[in-house]
Amino acid sequence: MLNIGVIGCGAIGKEICRAIDSKLIEAQLVAVYDRSRDNCERLLGELKNKPEVLPPGDLISRVDMVVECASAAAVREYGYAVLESGKDLMVLSAGAFTDPGLLKKFVKAAAAHNSRIYIPSGAIAGIDGLKSASVASIDKVMLTTTKSPEGLKGAPYVVQNSIDPGSFREKTLLFEGSAEKAIAAFPANVNVAVSLSLAGIGTKETRVRVFVDPHAERNTHEVTVEGAFGKFTCRIENVPSPDNPKTSFLAALSAIATLKKLTEPLQVGT
Ligand SMILES: NC(=O)c1ccc[n+]([C@@H]2O[C@H](COP(=O)([O-])OP(=O)(O)OC[C@H]3O[C@@H](n4cnc5c(N)ncnc54)[C@H](O)[C@@H]3O)[C@@H](O)[C@H]2O)c1
């Protein structure tokens, strides 16, 4: 049975641990770690089969796979040690890989130590189609994100350009540019922009548009891909996670689905 350690006991970590605890995933939750002891304790209180709370080094040595659902800083702090120990690493904070040097270093370590890095689809849909399409040539990948004014408040792009997201009466295009530029302009979108770029044509070529919509009730992502295969558009309206309004519920579900895929005999989908 797959022995799992989870780093990060917040909204996503909780859902993953509950899924293992309820046997939705055929795996053993061996240990958890969070820099907040309170968050660890709160999570443990919800689980029937309580894992140990271990510092990262001990956690890594006891498991087959470490699931990071903490922060980009945590990926930088613990990711390399996981791979160097020959253990697999699942990364939810995909935004850590805006640093191409870090990704290269991780991939090299994974290849040298026969470990694997998994980046679940997170809060977007369409990665499966994009991966298939990428086997042939791709002409265009476009991510169109629409948010409520509230969801855009404080983003570096609106602050630097003195834009008041609350001043718009109808859906309006605020930004269009490369994923590389969008990541700096709207860091809240970073995980989605990075996973899409990694699955397709990179942050320089992937295009991003950000709309503000005063009538929007949910964060919407639309992925359009064009290439030798034809064209597809995929639209997702995300419901926030019950434990963290900044995180889409789908992100936790995508991690659970990836773990299920790793532990089940039947594999469906790319
Ligand atoms: N891939 C995606 O599409 C996607 C979508 C949503 C969230 N995320 C990312 O997943 C991560 C977790 O999201 P969440 O909603 O569960 O966050 P959260 O804030 O609810 O929980 C994060 C937990 O990790 C802990 N933590 C943070 N940094 C740590 C560190 N360096 N060492 C140990 N513990 C640390 C915090 O104390 C907290 O308990 C975030 O980085 C978020 O950006 C990715």
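Residues numbered from 1 in each chain as written. Predicted model: local features only at pLDDT ≥ 70, side-chain atom pairs only at ≥ 80, totals over all residues. Heavy atoms only, no water.

Side note on the domain arrangement of the chain
As a reminder, the rule being used: The split of the chain into domains comes from an automatic or database domain assignment. The criterion used for residue contact is that any of the two residues' heavy atoms lie within 4.5 Å. A 1.4 Å probe defines the accessible area here, and the buried area is the portion of it lost by two parts on being joined, summed over both. We count a salt bridge whenever a side-chain nitrogen from Lys or Arg sits within 4 Å of a carboxyl oxygen from Asp or Glu. Here a polar contact means two N or O atoms within 3.5 Å. Within protein one must be a hydrogen donor candidate and the other an acceptor candidate, and residues neighboring in sequence count only if both atoms are side-chain atoms. Think of it as three bins: nonpolar holds Ala, Val, Leu, Ile, Met, Phe, Trp, Tyr, Cys and Pro, charged holds Asp, Glu, Lys and Arg, and polar takes everything else, Gly as well.
Considered domain by domain, the chain is made up of domain 1 (2-119 + 250-263) and domain 2 (127-238). Inter-centroid distance (C-alpha atoms) of domain 1 to domain 2 is 27 Å. Taken together, the contact between domain 1 and domain 2 spans nine residues of the former and eight residues of the latter. Of the roughly 560 Å² buried between domain 1 and domain 2 on both sides combined, carbon and sulfur atoms contribute 78%. Counting across the interface, domain 1 meets domain 2 through zero salt bridges. At the boundary of domain 1 and domain 2, one finds two residue pairs in polar contact (both at pLDDT 80 or more). Its residues placed into classes, the side of domain 1 that touches domain 2 shows six nonpolar, three polar and no charged.

Regarding the nonpolar core
The following threshold applies: The nonpolar core is taken to be a set of buried Ala, Val, Leu, Ile, Met, Phe, Trp, Tyr and Cys residues, with the residues joined through side-chain atoms within 4.5 Å. Three labels apply to residues, based on accessible area from a 1.4 Å probe with only protein chains included: buried if under 20% of the type maximum, exposed if over 50%, partly exposed otherwise in between. Numbered from the N terminus, helices here are DSSP runs of H or I no shorter than four residues, and strands are runs of E no shorter than two.
Formed by 56 residues in total, the largest nonpolar core has its most connected members in L59, V66, F97, F186 and V225. If you tally residues by element for this core, the top one is helix α10 (residues 190-199), at six residues. When residues of this core are sorted by domain, at least three fall in each of domain 1 (2-119 + 250-263) and domain 2 (127-238). Setting aside residues no more than four positions away along its own chain, F186 makes contact with L152, A155, Y157, V158, F175 and V210.

Looking at the site of the ligand
The following threshold applies: When at least one non-hydrogen atom of a residue lies within 4 Å of a molecule or strand, that residue is treated as near it. Reported accessibility uses the Shrake-Rupley method at a 1.4 Å probe radius. Residues are deemed covered only where the shown protein chains occlude them.
Around the ligand sit 24 residues in total, of which I12, D34, N39, S93 and T247 are the nearest. E77 places a side-chain nitrogen or oxygen 3.3 Å from a nitrogen atom of the ligand. Separating an oxygen atom of the ligand from a side-chain N or O atom of N244 is a distance of 3.0 Å. In the complex, 85% of the free accessible area of the ligand, which totals 860 Å², lies under the protein chains. Those elements giving two or more residues to the shell around the ligand turn out to be α1 (11-21), α4 (72-84) and β13 (244-248). Per-element tally for the shell around the ligand: the top contributor is α4, with three residues. Residues belonging to the shell around the ligand are distributed by class as follows: eleven nonpolar, ten polar and three charged.

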